[in-house]
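# Inside the fold
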Amino acid sequence: MRSSLLSLSEINTRIAAAERNAGRPAGSVQLIAVSKVQPDERVEAVLQQGHRIFGENRVQEAAGKWPGFRARYDEIDLHLIGPLQTNKARQAMALCDAIHSVDRPKLATTIARLAQETGTCPALFIQVNTGEETQKAGVLPTDADGFVAECRAMDLPVRGLMCIPPADEEPALHFALLAQIASRNGLDGLSMGMSGDFETAIALGATHVRVGSAIFGAREAG
Ligand SMILES: *Cc1c(COP(=O)(O)O)cnc(C)c1O
């Protein structure tokens, strides 16, 4: 098994090189270490290395894992990157600093109501289904401008857009499309790029890359 510690510094080095190659400032890309389904020891090893930005794709799993780590490590920045059911929105908002999967009016309305009620709201990314895949979450590219406007009209803190390209297509086309939609909506946050394609994503403007297996090793289940 590869060591998480070595892998983390290797990924950071590759991110820095990709920033340089793209002529972007050092530190302009945030690495979200996707810890879903990883054993606690591997997550702990990455925390001990000083990394603080993590991603989970299930609220339930995040709720079981992160309060304990937060009690022992300061300044953890937790991002929900997986689909969010409306009835879990309250829990997700209490737990997470960012939600990358805002993808429908009903969820946006619920988040807006809870934000009013609690006086706080995580940073939000709107998920765009750039590949127009029926099984995948996200607003269609043609609906994205309208949905961004709708979220803004509710005073939601829209930080940017997120996509997960189809597994069998050239990711660069999807990253470029996401960047184009973000740009015409005046958004600069771009959550795109995973273990296999984060350098391509950085070349096309990613501000947040979501890297799991390249840091932690293969997921054993789920
Ligand atoms: C699991 C996951 C990732 C990380 O995938 P890797 O290929 O392991 O880097 C990124 N984004 C989302 C939405 C995920 O669910």
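Refer to the structure printed above.
Residues numbered from 1 in each chain as written. Predicted model: local features only at pLDDT ≥ 70, side-chain atom pairs only at ≥ 80, totals over all residues. Heavy atoms only, no water.

## Digging into the packing of aromatic side chains
By the definition in use, this model includes two aromatic pairs. Judged by centre distance (4.7 Å) and plane angle (40 degrees), the ring pair of Phe-54 and Trp-66 falls under tilted. Placement of the pair is Phe-54 in strand β2 (residues 53-56) and Trp-66 in helix α3 (residues 59-72), with a sequence separation of twelve residues. The residues Phe-54 and Trp-66 share a single accessibility class, namely buried. Note on Trp-66 and Phe-69: the rings are 5.0 Å apart at their centroids and 55 degrees apart in plane angle, and the pair reads as tilted. Here the residue Trp-66 and the residue Phe-69 both occupy positions in helix α3, the gap between them amounting to three residues, near one helical turn. Take Trp-66 and Phe-69: they sit in the same class, and that class is buried. Among the aromatic side chains, those forming a connected cluster through ring pairs are Phe-54, Trp-66 and Phe-69. (Phe/Tyr/Trp six-rings, centres within 6.5 Å; stacked < 30°, edge-to-face > 60°. Helix = DSSP H or I, 4+ residues; strand = E, 2+ residues; numbered from the N terminus. Buried < 20%, exposed > 50% of the residue type's maximum accessible area, 1.4 Å probe, protein only.)

## Some points on the site of the ligand
Close to the ligand lie Val-34, Lys-36, Asn-57, Ile-81, Ile-164, Met-194, Ser-195, Arg-210, Val-211, Gly-212, Ser-213 and Arg-219. One nitrogen or oxygen atom from the side chain of Arg-210 is found 2.9 Å from a nitrogen atom belonging to the ligand. About the coverage of the ligand: the protein hides 89% of its 390 Å² of free accessible area. A breakdown of the residues in the shell around the ligand according to their chemical character gives five nonpolar, four polar and three charged. (Near = heavy atom within 4 Å. Polar contact = N/O pair within 3.5 Å; in protein donor to acceptor, adjacent residues only side chain to side chain. Areas by Shrake-Rupley, 256 points an atom, 1.4 Å probe, with all protein chains shown as cover. Nonpolar A, V, L, I, M, F, W, Y, C, P; charged D, E, K, R; others polar.)

## Things to note about the pattern of salt bridges
One pass over the structure, following the stated rule, counts eleven salt bridges. With a shortest N-O distance of 2.9 Å, Arg-14 and Glu-199 are connected by a salt bridge. Of the two residues, Arg-14 sits in helix α1 (residues 4-21) while Glu-199 sits in helix α8 (residues 198-203), which places them 185 residues apart along the sequence. Taking the relative accessible area as the measure of exposure, Arg-14 reaches 30% and is therefore partly exposed. Within the structure, one salt-bridge network assembled from shared partners comprises Glu-10, Arg-14 and Glu-199. (Salt bridge = Lys/Arg side-chain N within 4 Å of Asp/Glu carboxyl O.)

## Re the pairing of strand β6 (residues 158-162)
With respect to burial, β6 is a largely interior element, four of its five residues being buried. By the bridge criterion, four bridges tie strand β5 (residues 123-127) to β6 in an arrangement that is parallel. What sits directly across from Ile-126, in β6, is Leu-161. Traced from β5 through helix α6 (residues 141-153) to β6, the parallel crossover comes out right-handed. One crossover worth recording links β6 to the parallel strand β7 (residues 189-191) by way of helix α7 (residues 171-184), and it is right-handed. (Pairing = 2+ DSSP bridges. Right-handed = clockwise from strand over helix to strand, strands pointing away.)

## Describing helix α5 (residues 105-118)
Relative to the 20 Å expected for 14 residues at 1.5 Å per residue, α5 spans 20 Å between its end C-alpha atoms, a close match to the ideal helical length. Looking at α5, one finds that the buried residues are Leu-107, Ala-108, Thr-110, Ile-111, Ala-112, Leu-114 and Ala-115. On the buried face of α5, the contacting elements are α4 (89-95), β4 (98-102), β5 and α6. Positive backbone phi, approximately 80 degrees, marks Gly-119, located one or two places after α5. (Expected span 1.5 Å × (residues − 1). Contact = heavy atoms within 4.5 Å.)

By themselves, these are just geometric observations and shouldn't be taken as functional.
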